[in-house]
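For reference, the chains in residue letters:
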Amino acid sequence: MKNTIDGKALVYCEGSFNTPNGKTTHGLVRFTERYDITGIIDSSYAGQDAGEVLDGKPTGIPIFSSLKTAIKELSSTNRLPDTFIVGLAPDGGRLPAQAKKEIQTALEMGWNVDSGLHDFLTDDPDLVNMAEKHHVRIRDVRKPPRLDQLHFFTGEIEKVACLKLAVLGTDSSLGKRTTAWILVQAFRSAGLKAEMIGTGQTAWMQGAKYTMMMDSCINDFVSGEIEHAVVSAWKNEQPDVVVIEGQGSLMNPAYPGGFEILAAGRPDYVILQHAPKRLEYDGFPGYKMHPLNEQIRAIEVISGKKVVAITVNHEDMTDAEILPACAAITKETGLPAFDVLKYGGAKLVEFLIKKIK
């Protein structure tokens, strides 16, 4: 068993794996320090390896056709989970009716349940009573803290003396979180102390110690919670660099994230993630994406800081197209472009290390 925070976990992703609505599950398949993932539930890919389906790289994480099948097969290998994770990430974060039935079964099995949806399981008396009956925990990762636990912006972030990087994007669902983790791990491999600042439920589920839930936080406290996460990481860990996970994009009509990260996280530099083949904003046909240079200018005007590199999401591209696309971006913007999702973060980190004073 892996040395993790919360032990073995089975992830429910029925009908959503390998789609934008499965991005929480995708993050857990790719990397997590919180759980040891024993399997994924999605009948569309039953019998396959989750990593092979997602990235063409086997991970040893099986995909099961149903919870019943998962229980049978995991029992035979002594891999039954401690936790059942709702790994769906649908628009609006609502809980499908079928998922509730599976959660009930998980509770009856004596498993804890973690959910990152906006539909809070702890507001459902049936589920709460069932959890109490079986002496297990339900945890709504996206449920905001009480008001007396929230933080207002203070300006204390100006005391943070390490390099602060923000990984923003030209759209939502671009892999910003994955790129941020790759950078953190590459900095660590280079001998530097790096901390991830999570801004969503998946980063928390992956084990990011300093995380706030940007899309469920009361607006007055979003900036303060971002600041508090960065300052806490600085005080407690004394890192050489912190990497702040971006949300949405400045110009996405439904997910205009990034303003508070720039204003409150006050990054020294911005890394901008971009998918060259994406022409319209995610999920909104007819909403044409703003040109890359226009998005760079917007970030720099708002923050007063420079976008120093572009990271490429190679969706809908062949391997042969990736490096020419990076070269084209550099020609267009004058900035170095890297596909860390394909080739890793070492070269980008080598470039960024020069920014550390």
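Residues numbered from 1 in each chain as written. Predicted model: local features only at pLDDT ≥ 70, side-chain atom pairs only at ≥ 80, totals over all residues. Heavy atoms only, no water.

**Let's talk about empty space enclosed by the protein**
- Using the criterion set out here, one finds one cavity of 30 Å³ or more in the structure.
- Of the voids in this model, the largest cavity is the one considered here, and its volume is about 40 Å³.
- The wall of the largest cavity is formed by Leu 168, Gly 169, Lys 176, Gln 247, Gly 248, Ser 249, Leu 250, Gly 257, Gly 258 and Ile 299.
- Among the residues making up the lining of the largest cavity, the classes are represented as three nonpolar, six polar and one charged. (1 Å grid on protein atoms, 1.4 Å probe; cavity = no way out; pocket = protein on both sides within 12 Å on 5 of 7 lines; lining within 4 Å. Points joined across faces, edges and corners; volume = space filled by probe spheres on them. Nonpolar A, V, L, I, M, F, W, Y, C, P; charged D, E, K, R; others polar.)

**A closer look at the side chain of Ser 216**
- Here Ser 216 shows up in the loop between β9 (210-211) and α8 (219-237).
- The exposure class assigned to Ser 216 is buried, which follows from its relative accessible area of 15%.
- From its side chain, Ser 216 meets the backbone oxygen of Arg 142 in a polar contact 2.7 Å long. (Helix = DSSP H or I, 4+ residues; strand = E, 2+ residues; numbered from the N terminus. Buried < 20%, exposed > 50% of the residue type's maximum accessible area, 1.4 Å probe, protein only. Polar contact = N/O pair within 3.5 Å; in protein donor to acceptor, adjacent residues only side chain to side chain.)

**A look at the nonpolar core**
- Grouped together as the largest cluster of nonpolar side chains are 43 residues, with contacts concentrated most on Leu 10, Phe 17, Ile 37, Ile 40, Phe 84 and Leu 107.
- In this structure, Val 160, Leu 168, Val 230 and Ala 233 belong to the second largest nonpolar core, which totals 41 residues. (Core = buried A, V, L, I, M, F, W, Y, C linked by side-chain atoms within 4.5 Å.)

**Structural notes on the environment of Asn 18**
- Among the structural elements, Asn 18 can be located in the loop between β1 (8-12) and α1 (23-30).
- Along the backbone, Asn 18 and Val 53 are 35 residues apart, and their C-alpha atoms lie at a distance of 7.3 Å.
- Here Asn 18 is in contact with His 26, Tyr 45, Val 53 and Leu 54, once residues within four sequence places are set aside. (Contact = heavy atoms within 4.5 Å.)

All we've got here are geometric facts, nothing functional implied.
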